[in-house]
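Analysis of the macromolecular model
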Amino acid sequence: MMTDSTRESAYEAALAALIERVRETRAEVGTEFPLYADPETGEWVTTSDGDWCGGHWIGLLWLATKYVDDADERATMRETAYARTETVLHELPAETMFRGCNLLYAGFRGYDVTGDRKLFGLGLAGADDVRAHFDERARQVPLGEFQIRGPDNFRGEPSGDDPGGDVIGAVDSIYTSLPVLWRAFAETRTPVFRDTAVSHADRHLDWFVRSDGSTWHHAEFDPESGSLFRQYNELAQSDETCWARGQGWNIAGLARAYGETGAERYLHALEQTTRYYVEHAPPDLVPRWDLAVSDPDEPRDTSSAALAAYGLARLRGPDQRVARLRRSGREILDSLVHSYLVTDPDDPRYGMLFQGCYNRPGEFATDNELIWSDYYLAYTLDALLGR
């Protein structure tokens, strides 16, 4: 077991590695957005518009400006962050559950670094977009119609009755959509932001959290009444199993909901779903792409672990139940730092976080560095180091 001092040193080395990876990535991708990288060469596959996760790259750029000493390089990073923010603002539709996290990271978190009130306004605009996209009947921020890049069967084999994204709720949405609402409420005290977040989070407990602590990926609802039509898994092995990254999104989202409200129902669900994660992950707590999969040859997914650590390790408060959850988050984080992140400066892959699995059913980027994994790991380390 690590002491506090050795853990801090390991975290500092890990964050330094991730910041260096951001610096090298910016030089490599230019005006593009990194999406996933080859584990051998470190070369990024990029997009011109950021796809669903462009805000994660922008957030990493803002974070890096806190640590880069050279004034000219820091200014270039800021310019890049501003330019990519304009791209995301105009390319990512407002009617998608991904709008919130992208404008939280590009807007509010950019404001936290720069003090630029225009970025603050962008964060508020993201909250307004999420509120407008919220389905009052279903009490969900739906998936929306945004087409994520990936294999042709990203959403499974097509059928004649595939629902549209406007009637699909997703387990991810508790984190991709709600944090910008929590932040907007904290800044403005406008009740509708908090009320929308609470309404969605409560429905999440009903529709996505199973009695054993696993989670569903999707819930289809009736467009007229908002009532639940069916639950199903898209990126899991089957409807009887549990998509690991979905469990990570759920943990991050419930941790934030509990932190914002102190509500017992969110803490209970967080304990329940964290227990399922811990009990079904391998001993090092980095799960395979589906938590019910035990085949050692199946891909791990460090993005699931990064999300779980991000939610749990940053929990605050002296309560013993919270302390146990926080300890689980630290254990997951320690595993990522020591076994999956390259922290040797002499290694040409310095700063890469390995074994992210984007889409196993579609056989798409199943063993790669993923930009959102880097984001959640870096921000967790930054928060714990108190920077």
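In case you missed it, the structure is sitting above this.
This report concerns the structure included in the present document. Predicted, not measured: the structure shown is a model, and the values here were computed from it.

What counts, and at which threshold
- Residues numbered from 1 in each chain as written.
- Predicted model: local features only at pLDDT ≥ 70, side-chain atom pairs only at ≥ 80, totals over all residues.
- Heavy atoms only, no water.
- Helix = DSSP H or I, 4+ residues; strand = E, 2+ residues; numbered from the N terminus.
- Rg over C-alpha atoms; globule rule 2.2 N^0.38 Å.
- Buried < 20%, exposed > 50% of the residue type's maximum accessible area, 1.4 Å probe, protein only.
- Contact = heavy atoms within 4.5 Å.
- Areas by Shrake-Rupley, 256 points an atom, 1.4 Å probe, with all protein chains shown as cover.
- Lys, Arg positive; Asp, Glu negative; His and termini not counted.
- Charge placed at Lys NZ, Arg CZ, Asp CG, Glu CD.
- Pairing = 2+ DSSP bridges.
- Axes fitted to C-alpha atoms, helices over the stretch in contact; angles between N-to-C directions.
- Parallel < 35°, antiparallel > 145°, perpendicular 65-115°, else oblique.
- Left-handed = near helix turned anticlockwise from the far one by under 90°.

Quick look at the overall build of the chain now. Scanning the chain from terminus to terminus reveals 13 helices and 6 strands. Taken over C-alpha atoms, the radius of gyration comes to 19 Å for the chain, in line with the 21 Å a tight globule of 387 residues would show. The principal-axis extent of the C-alpha atoms belonging to the chain is close to 55 × 45 × 45 Å. Within the chain, the proportion of its 387 residues that are buried is 61%. In the chain, once contacts between residues fewer than 6 apart in sequence are set aside, the share between residues at least 24 apart is 66%. Accessible area for the chain stands at about 15,200 Å²; split by element, carbon and sulfur atoms hold 45% of it. Computing the positive centroid from 39 side-chain charges and the negative centroid from 65, the chain places the two 8 Å apart.

This paragraph deals with the sheet that holds strand E5 (residues 228-232). Read from one edge to the other, the open sheet built from 3 strands follows the order E3-E4-E5, with strand pairing classed as antiparallel. Single-partner strands in this sheet number two, and they are strand E3 (168-170) and E5. On average, each strand axis in the sheet is inclined to that of its neighbour by 25 degrees, with strand direction left out of account. Inspection of the sheet shows E3 paired to strand E4 (residues 218-221) by 3 bridges, in the antiparallel sense. Each bridged residue has a counterpart across the sheet, and for Gly169 the counterpart in E4 is Ala219.

We now examine unusual backbone geometry. Located in the positive-phi region is Glu363, a residue other than glycine, with phi close to 50 degrees. Relative to the helices and strands, Glu363 is located in the loop between helix H12 (320-339) and strand E6 (369-370). According to the relative accessible area criterion, Glu363 is exposed, its value standing at 53%.

Of all 11 residues in helix H7 (residues 178-188), 8 are buried, a share of seventy percent or more. Within H7, burial applies to Leu178, Pro179, Val180, Leu181, Trp182, Arg183, Ala184 and Phe185. Looking at the buried residues of H7, the elements they touch are helix H4 (99-114), helix H5 (117-133), helix H6 (173-176), helix H8 (191-207) and helix H9 (244-261). Backbone geometry just after H7 places Arg189 at a positive phi near 60 degrees.

On to the pairing of strand E2 (residues 44-47). Examined bridge by bridge, strand E1 (residues 33-37) and E2 share 4 bridges and lie antiparallel to one another. When the sheet's bridge partners are listed, Pro34 is paired in E2 with Thr46. In this antiparallel pair of consecutive strands, E1 and E2, the connection spans 6 residues, and Gly42 shows a positive phi of 80 degrees.

With that settled, consider the packing of H7 against H9. Contact pair H7 / H9: the axes reach a minimum separation of 10 Å and the direction vectors enclose 15 degrees. By the criterion of interaxial angle, the relationship of H7 to H9 is roughly parallel. Considering only the axes of H7 and H9, their crossing is left-handed. For the pair formed by H7 and H9, the contact residues are Pro179, Trp182 and Arg183 on the first element and Arg256, Ala257, Glu260 and Thr261 on the second.

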